[in-house]
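Spelled out, the chains give:
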Amino acid sequence: QVQLVESGGGLVQPGGSLTLSCAASGISSRFYNMGWYRQFPGKQRDLVAGITPDGLKNYVDSVKGRFTISRDNAKNTVYLHMNTLNNADTAVYYCNAKMGSSVDFWGQGTQVTVSS
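Residues numbered from 1 in each chain as written. Predicted model: local features only at pLDDT ≥ 70, side-chain atom pairs only at ≥ 80, totals over all residues. Heavy atoms only, no water.

Quick word on unusual backbone geometry
The criterion, for reference: Each helix corresponds to a stretch of at least 4 residues labelled H or I by DSSP, and each strand to a stretch of at least 2 residues labelled E; elements are numbered beginning at the N terminus. Throughout this description, buried means an accessible area under 20% of the type-specific maximum (1.4 Å probe, protein chains only), exposed means over 50%, and partly exposed covers the range between.
The phi torsion at Asn76 lies on the positive side, around 55°, for a residue other than glycine. On the secondary structure map, Asn76 appears in the loop between strand 7 (67-72) and strand 8 (77-82). The class for Asn76 is buried, based on a relative accessible area of 17%. Of note in the backbone geometry, Thr84 takes a positive phi value of approximately 50° without being a glycine. Looking at the secondary structure, you find Thr84 in the loop between strand 8 and strand 9 (91-99). On the basis of relative accessible area, Thr84 is assigned to the partly exposed category, the value being 48%.

Things to note about the environment of Ile69
To keep it simple, the criterion reads: Every residue pair with non-hydrogen atoms within 4.5 Å of one another is taken to be in contact.
Within the secondary structure, Ile69 is located in strand 7. Spatially, the C-alpha atom of Ile69 lies 9.6 Å from that of Thr19, the residues being 50 residues apart in sequence. With residues near it in sequence (within four places) discarded, Ile69 still touches Met34, Gly35, Trp36, Ala49, Gly50, Ile51, Lys57, Tyr59, Val78, Tyr79 and Leu80.

Side note on the environment of Ser7
Mapped onto the elements of the fold, Ser7 is located in strand 1 (residues 3-7). Judged by relative accessible area, which is 37%, Ser7 ranks as partly exposed. Spatially, the C-alpha atom of Ser7 lies 17 Å from that of Asn73, the residues being 66 residues apart in sequence.

Looking at the pairing of strand 10 (residues 103-106)
This is how it is decided: Strands pair, by our definition, only if DSSP identifies at least two bridges between them.
Judged from the four bridges that link them, strand 9 and strand 10 form a sheet pairing that is antiparallel. Bridging across to strand 10, Lys98 finds its partner in Asp104.

As structure tokens, this is what we get:
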């Protein structure tokens, strides 16, 4: 059974930092396109950052220079390092693993709240 378990969310003040973790089991995440998505209330999930098996990374414009996606293949874990957080980053963050067009796994999500 495939599981993606996110952790690291919580409440942080504007300008602060958080690191989200996505621990995979049942798959070797190194072979998957891994991504972090976020969902605002009433909106669809949108890609925030992605990393390919080759290590290529992409980011949505609003987080470039502030967020960094990384992976530790030995731990089968993907991270999202978030710096200089602001209120607009408040959302539920989801981990995703994709392979081709038919393999698509999601975590349960973790809440990130940026507030003073």
